[in-house]
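# Structural features, examined
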Amino acid sequence: MAAHGTVTLGSNTPADMSTPVLDLDEDEDLEVFSKNMSLPTSPSSMTNQYHLDQDPEEKLEDIQEEGERDLFITVDNPESQVTAIETFIMYRVLTRTTRGDFDSSEVEVRRRYQEFSWLRSRLEESHPTLIIPPLPEKFVMKGMVDRFNEDFIETRKRALHRFLQKISVHPVLSHSPHLKAFLSAQDLTPHKKQGPGLFSRMGETVRSMAQSVRGTRGRAEEFFLLQDYVDKFSSNISSVDKVTQRIIREQRECLDELRQYSPTYSQWAELEEDLSEPVKGVARSLELCGQETEKQAQELSEVLLPVLHEYVLCADTLKTVLRRRDNIQADFEVKNEALATKKVDQDSVQEEVTALADRLEQANTALREDWARWRSSLRSDVRAALTSTADANLQYYDKCLAVWESFLLSQKVDPAQHQNHNVST
């Protein structure tokens with residue numbers, strides 16, 4: 001996968017980065033055609049000069065405020081549950097903590113996807129202007145993947161793990177009573193009965209529609225700039241996400257072709273006595289390159305694509321949070337204008353205006369702080385994913401180059417032997 005731009009790899013960058021010249025005589029240990037072997041590294045590869053230590057999972061552990069963490073959450077061990085009316089997946093959620101408000105330092109519960117969704121909804125209701133981490137979508141495109149497929153379940157498990165990991169390091173969300181209930185209550189049913197109902201959520205939707213028509217008149221410049229950034233970010237990250245998915249599909253299609261291509265060469269080699277060895281060499285080279293292609297597609301699927309898609313969903317969350325902030329400001333402006341007309345009960349409306357002013361200031365402060373935190377998380381996550389992908393690309397092309405270099409080495413003919421062959425013929 002091609003990349004554009006400048007990447008600074010470190011202070012050890014050699015002054016001469018011109019294209020290296022292949023010298024087939026200088027490396028006698030390039031041998032890829034033995035049966036039990038690991039792929040060599042091309043002598044001219046950048047992976048011989050640089051080693052990029054990047055682990056996206058380790059990067060996630062660094063997203064935290066100063067001080068020691070006291071809450072560690074793991075999502076694992078998915079199990080299929082079958083009832084008379086449905087089949088669903090339950091995940092183990094294991095919590096280790098030193099917090100005194102938990103009954104035990106280690107708590108284990110099992111949760112299904114809709115309970116993760118319940119937690120996120122409650123966090124949004126409690127903190128409408130905080131940027132709540134996204135969940136993976138509940139539904140998948142028909143015909144694209146079976147939601148009970150092992151790969152799909154594993155991908156969703158990792159996404160749910162990241163969701164709780166990010167909440168666990170958030171200075172506000174990690175102390176939510178809803179999170180504690182989710183992590184520790186064996187039965188969430190009593191907790192699900194609490195909180196705003198359907199009509200409350202419909203009310204928020206109606207206010208959003210009214211605000212979109214009326215608009216906000218005193219919106220600070222910083223929030224106009226934030227809105228502009230979010231709109232452009234959403235467009236860019238969505239495009240990159242779609243193209244990456246297309247590249248992965250095309251790589252898998254190429255891999256299917258390679259798996260058919262190599263055996264065809266092997267069959268051909270059986271018919272050509274004089275060409276048998278080079279044709280077999282090509283078959284073996286194609287097989288090895290196919291193995292590396294599979295690894296590269298897996299890297300994109302498991303490392304880069306999940307991060308890109310997570311931030312596609314984050315962009316939608318940011319838009320929602322900005323609308324909520326604007327709704328609060330719109331409510332404040334309406335009440336403030338009513339107070340100015342002096343046609344209402346001044347005392348009661350003044351109390352509402354004061355309360356809305358405080359709420360707006362709290363919303364602005366919360367969004368500013370969470371926005372800075374979110375940008376830091378974005379930089380960390382995306383940089384780690386891109387660096388890991390770049391490293392994987394280097395290894396992929398390096399190993400494929402080594403395969404074909406070794407094939408060329410295997411086809412070298414000693415001049416004396418070549419001369420003897422011509423004399424004999």
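Residues numbered from 1 in each chain as written. Predicted model: local features only at pLDDT ≥ 70, side-chain atom pairs only at ≥ 80, totals over all residues. Heavy atoms only, no water.

Here we take up the overall build of the protein. For the protein, the count of helices and strands is ten helices and three strands. For the protein, the succession of helices and strands along the chain, N to C, is α-β-β-β-α-α-α-α-α-α-α-α-α. The burial tally for the protein puts 40% of its 425 residues in the buried class. (Helix = DSSP H or I, 4+ residues; strand = E, 2+ residues; numbered from the N terminus. Buried < 20%, exposed > 50% of the residue type's maximum accessible area, 1.4 Å probe, protein only.)

Each regular strand carries side chains that alternate between the two faces of the sheet. As defined by bridge partners, strand E1 (residues 71-82) adjoins strand E2 (residues 87-97) across ten bridges and the pair is classed as antiparallel. Bridging from a neighbouring strand, serine 80 pairs with isoleucine 89 of E2. (Pairing = 2+ DSSP bridges.)

With that settled, the discussion passes to the packing of helix H7 (residues 221-269) against helix H8 (residues 276-341). When two helices pack together, their arrangement is given by the angle between their axes and by how far apart the axes lie. Between H7 and H8, whose axes approach to 7 Å, the crossing angle comes to 160°. In terms of orientation, H7 and H8 fall into the roughly antiparallel class. The element H7 and its partner H8 pack so that their crossing is left-handed. Here the contact of H7 with H8 is built from residues that sort into 28 nonpolar, 14 polar and nine charged. (Axes fitted to C-alpha atoms, helices over the stretch in contact; angles between N-to-C directions. Parallel < 35°, antiparallel > 145°, perpendicular 65-115°, else oblique. Left-handed = near helix turned anticlockwise from the far one by under 90°. Nonpolar A, V, L, I, M, F, W, Y, C, P; charged D, E, K, R; others polar.)

So, on to the nonpolar core. A general trend in soluble globular proteins is that nonpolar side chains are found buried together. Of all hydrophobic cores here, the largest spans 30 residues; its most connected members are Val93, Phe116, Leu119, Leu164, Phe182 and Leu183. Elements with a contribution of two residues or more to this core: E1, E2, strand E3 (106-112), helix H2 (113-126), helix H3 (150-168) and helix H4 (177-184). Ignoring sequence-local partners within four residues, the contact set of leucine 183 consists of Leu71, Ile73, Val93, Thr95, Phe102, Val107 and Val109. Leu300, Leu318, Leu322 and Leu367 belong to the second-largest nonpolar core, a separate cluster that totals 24 residues. (Core = buried A, V, L, I, M, F, W, Y, C linked by side-chain atoms within 4.5 Å. Contact = heavy atoms within 4.5 Å.)

Moving on to the confidence of the model for the protein. Scored by pLDDT, the protein has a mean of 80; 72% of the residues are at 70 or more. A low-confidence stretch, residues 1-37 stays under pLDDT 50, and its non-local contacts, those more than four residues away or across chains, total 49 contacts. Scored below 50 in pLDDT, residues 141-145 makes two contacts in the model with residues more than four places away or belonging to other chains. (pLDDT = per-residue confidence, 0-100.)

Next up on the list: the side chain of aspartate 381. Along the polypeptide, aspartate 381 turns up in helix H9 (residues 346-410). According to the relative accessible area criterion, aspartate 381 is buried, its value standing at 4%.

Attention shifts here to unusual backbone geometry. For asparagine 77, which is not glycine, the phi torsion reads 50° and is therefore positive. Of note, asparagine 77 is situated in strand E1. Classification of asparagine 77 as partly exposed rests on a relative accessible area of 37%.

On to the sheet that holds E1, then. What the three strands build is an open sheet, ordered E1-E2-E3; its pairing is antiparallel. Bordering the open sheet on either side are E1 and E3, each of which pairs with just one other strand. Going from strand to strand, the sheet's axes swing by 20° on average, the running direction of each strand aside. Here E2 pairs with E3 via seven bridges, running antiparallel. Opposite leucine 94, over in E3, you have glutamate 108 as the bridge partner. Contacts from H3 reach E1 and E2 within the one sheet, and its direction differs from that of E1 by about 150°.

A few words on the packing of H2 against H4. One way to put it is that H2 packs onto H4 with a least axis distance of 9 Å and a crossing angle of 165°. One element, H2, and the other, H4, form an angle in the roughly antiparallel class. The element H2 and its partner H4 pack so that their crossing is right-handed. Residues Glu115, Phe116, Trp118, Leu119, Arg122 and Ser126 of H2 form the contact with H4, whose participating residues are His178, Leu179 and Phe182.

The next point concerns the packing of aromatic side chains. Applying the stated criterion across every chain, the model contains eleven aromatic pairs. Aromatic pair tyrosine 261 and tyrosine 265: ring centres 5.0 Å apart, planes at 75°, arrangement edge-to-face. Residue tyrosine 261 and its partner tyrosine 265 are located together in helix H7, separated by four residues, close to a single helical turn. Grouped by ring-pair contacts, the aromatic residues Tyr229, Phe233, Tyr311, Trp371 and Trp374 constitute a single cluster. (Phe/Tyr/Trp six-rings, centres within 6.5 Å; stacked < 30°, edge-to-face > 60°.)

Turning next to the environment of glutamate 257. Structurally, glutamate 257 can be placed in helix H7. Relative accessible area serves as the criterion here: at 51%, glutamate 257 is assigned to the exposed category. Separated by 33 residues in the primary sequence, glutamate 257 and glycine 290 have C-alpha atoms spaced 9.1 Å apart.

Once that is clear, we can look at H2. In this model, H2 (14 residues) spans 20 Å end to end at C-alpha, consistent with the 20 Å of a helix rising 1.5 Å per residue. Along H2, the positions that sit buried rather than exposed are Tyr113, Glu115, Phe116, Trp118, Leu119, Arg120, Arg122, Leu123 and Glu124. (Expected span 1.5 Å × (residues − 1).)

Our next topic: the pattern of salt bridges. Under the counting rule described, the total for this entry stands at 26 salt bridges. Between arginine 110 and glutamate 79 there is a salt bridge, and its shortest N-O distance comes to 3.9 Å. Remark: glutamate 79 occurs in strand E1 and arginine 110 occurs in strand E3; sequence separation between them is 31 residues. Given the relative accessible area of 23%, arginine 110 is considered partly exposed. Through salt bridges with shared partners, one network takes in Arg162, Lys166, Glu310 and Asp381. (Salt bridge = Lys/Arg side-chain N within 4 Å of Asp/Glu carboxyl O.)

Here we take up the side chain of serine 174. For serine 174, the position within the fold is in the loop between H3 and H4. With a relative accessible area of 6%, serine 174 lands in the buried category. The residues touching serine 174, leaving out its near neighbours within four places in the chain, are Leu71, Arg99, Ile167, Ser168 and Leu179.

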